[in-house]
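# Breakdown of the fold
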Amino acid sequence: MGTPAQLSRAARSLAAGQGPVALDAERASGFRYGQDAYLVQLRREGVGTLLIDPITCGSLTDLATALDGPEWILHAADQDIPCLTMLGLKAASLFDTELAARLLGRQHVGLGAVIEETLGLRLAKDHAAADWSTRPLPTSWLIYAALDVELLIDLRDALAVELEAAGKAQWATQEFEHIRTRPAKPAKIDPWRKTPRAGSTVRSPRSLAILRELWTSREELAAELDRTPSKVLSHQALIAAAVARPRSRRKMNALKEFSSRQARQNQERWWRAIERALEMPEEELPPTRAPMGPEELPHPRTWQRHHAEAADQLNRVRGAIRQRAEEIRVPQELLLAPGCQRRLAWDLGEEIESGHAGSVSAQKISERLAVMGARPWQIEQATPALATALR
């Protein structure tokens, strides 16, 4: 559906359908800046499959109204919900087939693998890495996109039966609601530090300043051009300049990472970024250690040296969660998020070191986990094991 009139008809048809709605979205990761949806696929009983082009079809208000009520079925919902939310589409309830498969202890949870194991059908996956911002979209791509929702309703029903039989239906309901209502992740502090290989090769404050200025300049240009940043200037070029610290345009251009056509197109821009970093006063240079967010903890690999009690508690927590996760056949990170495991161990370690160790009774551990946002099923399943391990 590529025009406003077509979209209006599709929304009316969708609203008249029955049962849940299967959804998927295609982005242009690796090609465009950001994570916008360039195609939305929907399927509902009594309607069939609809393909929506959000770029050309105008306002999605009518579609949002039609989708506000029925259960949504998505595979790996946390990947698609952000871009669907940006389109103004929000779910009233959710069933995530990937999350259901993980709760059932499946080893392979990609859509194709889950469909094959559950329904015995093989799903073609020919265009997963395609540039979905391409217009017009080839017919073969549209067929591929439609297949992503073709079997989701049947898959949801089969997985729901398995969850019920395994006694995990309520676990799934709580996890689906958590995914549906979870707020957007806060912006990362110093995202430029996450440039591949930066942590192992860029050490000095001056080099870090070059990396930061180049990264920021690249980000601005990528947004302006609507291209993924690495296609504007490679990650390797950022690292090479940060390490070499070239003192002139000529020396910058002599770096092999700046010899590509894409690097030469904006070489003056890159030099200005490097020059800013070279001329920056010492007090304005970024620190060698990345600053921590308000609730962020030091990396666990440093705990043994500086926070021995917390390190000991973490080993106990991880061991208990790992063992219990194996017993109930769920991934350990799903039984209790790694961040919760670290926070629990850290708080207990700090209390022990201060001489004010708190209770590690099942009741107190349950209360701690609830404050951290653990779901009731996680608290119920993890608490007894943790209480035993932390005595």
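Residues numbered from 1 in each chain as written. Predicted model: local features only at pLDDT ≥ 70, side-chain atom pairs only at ≥ 80, totals over all residues. Heavy atoms only, no water.

### Topic: the packing of helix H17 (residues 308–328) against helix H21 (residues 376–389)
- Contact geometry of H17 with H21 gives a least axis separation of 9 Å together with a crossing angle of 130°. It follows from the interaxial angle that H17 and H21 lie oblique. The handedness of the crossing between H17 and H21 is right-handed. From H17, Arg-316, Val-317, Ala-320, Ile-321, Arg-324 and Ile-328 reach across to H21, where they touch Trp-377, Gln-381, Ala-382, Ala-385, Leu-386 and Ala-389.
- Class assignment for the residues of the contact of H17 with H21 results in nine nonpolar, one polar and two charged. (Axes fitted to C-alpha atoms, helices over the stretch in contact; angles between N-to-C directions. Helix = DSSP H or I, 4+ residues; strand = E, 2+ residues; numbered from the N terminus. Parallel < 35°, antiparallel > 145°, perpendicular 65-115°, else oblique. Left-handed = near helix turned anticlockwise from the far one by under 90°. Contact = heavy atoms within 4.5 Å. Nonpolar A, V, L, I, M, F, W, Y, C, P; charged D, E, K, R; others polar.)

### With respect to the sheet that holds strand E4 (residues 71–74)
- With respect to topology, five strands assemble into an open sheet ordered E3-E2-E1-E4-E5, the strand pairing being mixed. Edge positions in the open sheet fall to strand E3 (48–52) and strand E5 (93–96), since each of these has one partner strand only. For this sheet, the mean angle separating the axes of adjacent strands, direction not counted, is 25°.
- Against the sheet, helix H1 (residues 4–15) engages strand E1 (18–27), strand E2 (37–45) and E3, with an angle of about 145° to E3. (Pairing = 2+ DSSP bridges.)

### Topic: the pattern of salt bridges
- Under the counting rule described, the total for this entry stands at 25 salt bridges.
- Arg-106 is the salt-bridge partner of Glu-162, the closest N and O atoms lying 3.0 Å from each other. With Glu-162 in helix H7 (residues 152–165) and Arg-106 in the loop between helix H4 (97–103) and helix H5 (111–119), this residue pair connects regions lying 56 residues apart in the sequence.
- For the salt bridge of Glu-116 with Arg-122, the shortest nitrogen-to-oxygen distance reads 3.1 Å.
- Judged by relative accessible area, Arg-122 falls into the exposed class, the value being 72%. (Salt bridge = Lys/Arg side-chain N within 4 Å of Asp/Glu carboxyl O. Buried < 20%, exposed > 50% of the residue type's maximum accessible area, 1.4 Å probe, protein only.)

### Quick notes on the pairing of E1
- By the criterion of burial, E1 is predominantly enclosed, with seven of the ten residues buried.
- Note: E1 against E2, eight bridges, orientation antiparallel. Looking across to E2, one finds that Ala-22 is bridged to Arg-43.
- Sheet topology note: the E1/E4 ladder contains two bridges and is parallel. Across the sheet, the residue bridging to Val-21 is Trp-72, located in E4.

### So, unusual backbone geometry
- Cis geometry marks the peptide bond from Arg-135 to Pro-136, where omega comes out at -5°.
- Relative to the helices and strands, Pro-136 resides in the loop between H5 and helix H6 (139–150).
- A positive phi angle is found at Ala-76, which is not glycine, with a value near 60°.
- Tracing the backbone shows Ala-76 in the loop between E4 and helix H3 (77–86).
- Its identity as a non-glycine residue notwithstanding, Arg-245 has a phi of 50°, on the positive side.
- Looking at where Arg-245 falls in the secondary structure, it is placed in the loop between helix H12 (235–244) and helix H13 (249–254).
- The partly exposed category is assigned to Arg-245, whose relative accessible area is 35%.

### Points about the packing of aromatic side chains
- Enumeration according to the criterion identifies five aromatic pairs in this entry.
- Ring geometry for Phe-95 against Phe-176: centres 4.7 Å apart, planes inclined by 50°, an arrangement best described as tilted. Placement of the pair is Phe-95 in strand E5 and Phe-176 in helix H8 (residues 169–181), with a sequence separation of 81 residues.
- For Phe-176, a relative accessible area of 5% puts it in the buried group.
- Here the aromatic rings of Trp-132 and Tyr-144 are separated by 5.9 Å at their centres, their planes lie at 25°, and the arrangement is stacked. Pair noted here: Trp-132 is in the loop between H5 and H6 and Tyr-144 is in helix H6, with a separation of twelve residues, a long-range link.
- Of the residues examined, Trp-132 reaches a relative accessible area of 0% and is grouped as buried.
- The rings of Trp-132, Trp-141 and Tyr-144 are connected pair by pair, giving a single aromatic cluster. (Phe/Tyr/Trp six-rings, centres within 6.5 Å; stacked < 30°, edge-to-face > 60°.)

### Remarks on the nonpolar core
- Membership of the largest hydrophobic core comes to 79 residues, with the highest contact counts inside it found for Leu-14, Leu-42, Ile-52, Leu-67, Trp-72, Leu-84 and Leu-386.
- Top contributing element to this core by residue count: H17, with eight residues.
- Excluding residues that lie within four positions of it along the chain, Leu-386 makes contacts with Val-317, Ala-320, Ile-321, Leu-336, Leu-344, Ile-365 and Leu-369. (Core = buried A, V, L, I, M, F, W, Y, C linked by side-chain atoms within 4.5 Å.)

### So, the UniProt feature "domain: HRDC" (unreviewed entry) in the chain
- According to UniProt, the "domain: HRDC" (unreviewed entry) feature falls on residues 204–284.
- Segment residues 204–284 splits into 72% helix and 0% strand. End C-alpha atoms: 13 Å apart. (UniProt positions renumbered as here; feature names shortened; annotations may be inferred.)

### Let's talk about the side chain of Glu-213
- Relative to the helices and strands, Glu-213 is located in helix H10 (residues 205–225).
- By relative accessible area, which is 14% here, Glu-213 ends up buried.
- Contacts of Glu-213, omitting those with residues within four sequence positions, involve Ala-273, Arg-276, Ala-277 and Met-280.

### Considering H6
- Along its twelve residues, H6 runs 16 Å from first to last C-alpha, staying within 8% of the 16 Å computed at 1.5 Å per residue.
- What H6 keeps buried is the set Trp-141, Tyr-144, Ala-145, Ala-146, Asp-148 and Val-149.
- The inward-facing, buried residues of H6 contact E1, E2, E3, H5 and H7. (Expected span 1.5 Å × (residues − 1).)

### Details of helix H19 (residues 338–354)
- Between its first and last C-alpha atoms H19 spans 24 Å; for 17 residues at 1.5 Å apiece the expected length is 24 Å, and the two agree.
- Among the residues of H19, Cys-340, Gln-341, Arg-343, Leu-344, Ala-345, Trp-346, Leu-348 and Gly-349 are the ones counted as buried.
- Buried residues belonging to H19 abut helix H16 (303–306), H17, helix H18 (332–335), helix H20 (362–371) and H21.
- One or two steps after H19, the chain reaches Gly-355, where phi turns positive at roughly 80°.

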